[in-house]
Amino acid sequence: MIITRRRLADGREILYFDAEPTTRTAVDTRDLPRTTTHSQARLDPLLGEWVVIASHRQTRTFLPPADLCPLCPSTPERATEVPESDYQVVVFENRFPSLSTAADPAAVGTVEGSPLTPLRDGFGRCEVVCFTSDHDSSFARLDDARARLVVDVWAQRSAELAEIDGVAQVFCFENHGEEIGVTLSHPHGQIYAYPFVTPRVAKITANLAAHRKAHGGNLFGDLLATEREAGLRVVAANEEWTAFVPPFARWPYEVQLFPHRRVRDLPDLDDAQRDAFAVLYLDMLRRFAHRFDTPMPYIAAWNQAPTPKSGAPREDWWLHLQLFSLRRAANKLKYLAGSESGMQVFISDTTPETVAAELRELR
């Protein structure tokens, strides 16, 4: 993998990732002001969870037509976020970031008029990952080699971002489909570098420790072993990975992909694991795409260990990917209403065993 680093007109970093040596000399010709953010992180004292306030994002680009897409390569007639005329995979700092390294991680205090609400600046980093220069493509339409290149990009960015002082967790993800809230239709994902361990990871970490104390084993490993043995909810597998519908699935369509050999994060994956993941993940995305006649919106979310600098426990963590959709039928979506949004108690409209059987039948 060849990495070429450049700067955009407003000082943001852009990185080109190529499978073979490629000359990258294009310059961003736009007249852009320096990117500024006013993000804050405020701690909810009732839940003990950080909430990021990023009101400047109200002005971000919203559903532009294809000929005005900011993620397509630049042309002589129109400059975009990507100065080159073509690319394989490209990563750049978000122009409208929720979190930014320009913030001062040492800034602390409380919200004005609310001494019970701790306040910190919105330190961190938000990046955009474009999977292909083809606006009309999607991750599911990538070939194995391009998907593998994206895996390498996720791993490289996770490793580099984890080295930033103050970053506690790196989260790679893709939102796909307008129903999810996607505002740019070009095939892309994002990476967030958080200054704190997210609530999901903190809760899982605590449960890992409790399981280890009570049963002497790894909770992730025990779950994977029982699912592989039962087979009821396994959708597909290869030598390195298994994809299964969790027996406690919250979403109408949800699959988790686990490597058979434990690694804590994306950088720890070896070549065999990366190759095998690319193949199985594309398989899962295509099954999702073929489930209904209507498009299947989804979120793909990597769950990896907190960074070494976070100080959070990492020993029992087992990297895995969640792939889930809020579509419950061809013309119906799962809305998070009273129970889910109000009390965080999910009520599922589907049965994990049935969903697994449906997905197994698709190709």
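Definitions and cut-offs
Residues numbered from 1 in each chain as written. Predicted model: local features only at pLDDT ≥ 70, side-chain atom pairs only at ≥ 80, totals over all residues. Heavy atoms only, no water. Buried < 20%, exposed > 50% of the residue type's maximum accessible area, 1.4 Å probe, protein only. Helix = DSSP H or I, 4+ residues; strand = E, 2+ residues; numbered from the N terminus. Arc of directions from axis to C-beta. Patch = residues over 30% accessible without salt bridge, like charges linked within 9 Å, V, L, I, M, F, W, Y side chains within 5 Å. Areas by Shrake-Rupley, 256 points an atom, 1.4 Å probe, with all protein chains shown as cover. Salt bridge = Lys/Arg side-chain N within 4 Å of Asp/Glu carboxyl O. Core = buried A, V, L, I, M, F, W, Y, C linked by side-chain atoms within 4.5 Å. Contact = heavy atoms within 4.5 Å. Phe/Tyr/Trp six-rings, centres within 6.5 Å; stacked < 30°, edge-to-face > 60°. Lys NZ or Arg CZ within 6 Å of the ring centre and 35° of its normal. Lys, Arg positive; Asp, Glu negative; His and termini not counted. Polar contact = N/O pair within 3.5 Å; in protein donor to acceptor, adjacent residues only side chain to side chain. Pairing = 2+ DSSP bridges. Axes fitted to C-alpha atoms, helices over the stretch in contact; angles between N-to-C directions. Parallel < 35°, antiparallel > 145°, perpendicular 65-115°, else oblique. Left-handed = near helix turned anticlockwise from the far one by under 90°. Nonpolar A, V, L, I, M, F, W, Y, C, P; charged D, E, K, R; others polar.

**Q** Would you mind going over helix H6 (residues 352–360) in detail, with residue names and values included?
**A** For H6, the complete set of buried residues consists of Pro352, Val355, Ala356 and Leu359. Down the axis of H6, the sector holding all buried residues measures 100°, keeping them to one side.

**Q** Go over a nonpolar patch on the surface, please, and point to the residues and values.
**A** A cluster of nonpolar side chains, contributed by Met343, Val345 and Ile347, occupies part of the molecular surface with about 320 Å² of accessible area. Take Val345: it is sitting in the loop between helix H5 (338–343) and H6.

**Q** Any chance you could break down the nonpolar core for me, citing the residues and the numbers?
**A** Of all hydrophobic cores here, the largest spans 57 residues; its most connected members are Phe139, Trp154, Leu257 and Tyr281. The leading source of residues in this core is helix H4 (residues 271–291), at nine residues. Discounting chain neighbours no more than four positions away, the residues touching Tyr281 are Phe139, Trp154, Glu174, Leu257, Tyr298, Ala300, Leu321 and Leu323. Core analysis: the second largest hydrophobic core is formed by 13 residues, Leu71, Tyr87, Phe92 and Leu184 among them.

**Q** Account for the packing of aromatic side chains, with residues named and values stated.
**A** With the rule as written, the count across this model stands at 21 aromatic pairs. Geometrically, the ring pair formed by Trp241 and Phe277 is tilted, given 4.9 Å between the ring centres and 55° between the ring planes. Residue Trp241 is located in strand E12 (residues 241–244), and its partner Phe277 is located in helix H4; the two are separated by 36 residues in the primary sequence. Centroid distance Tyr253 to Phe292: 5.6 Å. Interplanar angle 85°. Geometry classified as edge-to-face. Within this pair, whereas Tyr253 is found in strand E13 (residues 253–259), its partner Phe292 is found in the loop between H4 and strand E14 (298–303), the two being separated by 39 residues in sequence. By relative accessible area, Tyr253 is classed as buried at 2%. When the ring centre of Trp50 is taken as origin, the NZ or CZ atom of Arg120, which lies over that ring, is 5.3 Å away.

**Q** Which residues make up the side chain of Glu254, and what values go with them?
**A** Note on placement: Glu254 falls in strand E13. Buried and without a salt bridge, Glu254 has Arg200 as its closest oppositely charged side chain, separated by 6.0 Å. Among the polar contacts made by the side chain of Glu254, one reaches the main-chain amide nitrogen of Arg250 at a distance of 3.0 Å.

**Q** Explain the pattern of salt bridges residue by residue, including any values.
**A** The full count for this structure, using the stated rule, is 30 salt bridges. For Arg24, the salt bridge goes to Glu84, with nearest N and O atoms at 3.9 Å. Residue Arg24 is found in the loop between strand E2 (13–18) and strand E3 (40–44), and its partner Glu84 is found in the loop between strand E4 (49–53) and strand E5 (89–93); the two are separated by 60 residues along the sequence. Among the salt bridges present, the one from Asp275 reaches Arg148, with a minimum N-O distance of 2.4 Å.

**Q** Any chance you could break down the side chain of Arg157 for me, citing the residues and the numbers?
**A** If you trace the backbone, Arg157 turns up in helix H1 (residues 144–162). One polar contact links Arg157 to Gln156, side chain to side chain, over a distance of 3.2 Å. A distance of 3.0 Å separates polar atoms of two side chains, one belonging to Arg157 and the other to Glu160.

**Q** Would you mind going over the pairing of strand E8 (residues 125–130) in detail, with residue names and values included?
**A** Among the six residues of E8, six are classified as buried, and the element is accordingly described as predominantly covered. Direction of pairing for E5 relative to E8: antiparallel, over a ladder of four bridges. Bridge assignment links Glu93 to a residue of E8, and that residue is Glu127. Taken together, the six bridges between E8 and strand E10 (residues 188–194) define a ladder with antiparallel strand orientation. Residue Val129 lies in a different strand from E10, and its bridge partner there is Gly189.

**Q** Now, about the sheet that holds strand E1 (residues 2–7): what can you tell me, with residues and values included?
**A** The pairing of strands in a sheet happens through backbone hydrogen bonds and is either parallel or antiparallel. Ordered in space as E1-E2-E5-E8-E10-E9-E14-E15-E13-E12-E11, the 11 strands form an open sheet in which the pairing is antiparallel. Edge positions in the sheet fall to E1 and strand E11 (234–237), since each of these pairs with one other strand and no more. Direction aside, neighbouring strands of the sheet carry axes that sit 20° apart on average.

**Q** Tell me about the packing of H1 against H4, and please be specific about residues and values.
**A** One can describe the packing of H1 onto H4 by two numbers: an axis separation of 9 Å at closest approach and a directional angle of 120°. As judged from the angle between their axes, H1 and H4 are oblique. Relative to H4, H1 is oriented so that their crossing is right-handed. On H4, the residues that touch Asp144, Ala147, Arg148, Val151, Asp152, Trp154 and Ala155 of H1 are Asp271, Arg274, Asp275, Phe277, Ala278, Val279, Tyr281 and Leu282. When its residues are assigned to classes, the contact of H1 with H4 shows nine nonpolar, no polar and six charged.

**Q** Hey, could you go over the pairing of E14 for me, with residue numbers and the actual values?
**A** Within E14, five of the six residues are buried, which leaves it mostly tucked inside the rest of the structure. Direction of pairing for strand E9 (residues 169–176) relative to E14: antiparallel, over a ladder of four bridges. By the bridge assignment, Phe173 is partnered in E14 with Ala301. Relative to strand E15 (residues 320–325), E14 runs antiparallel, the two being bridged by five bridges.

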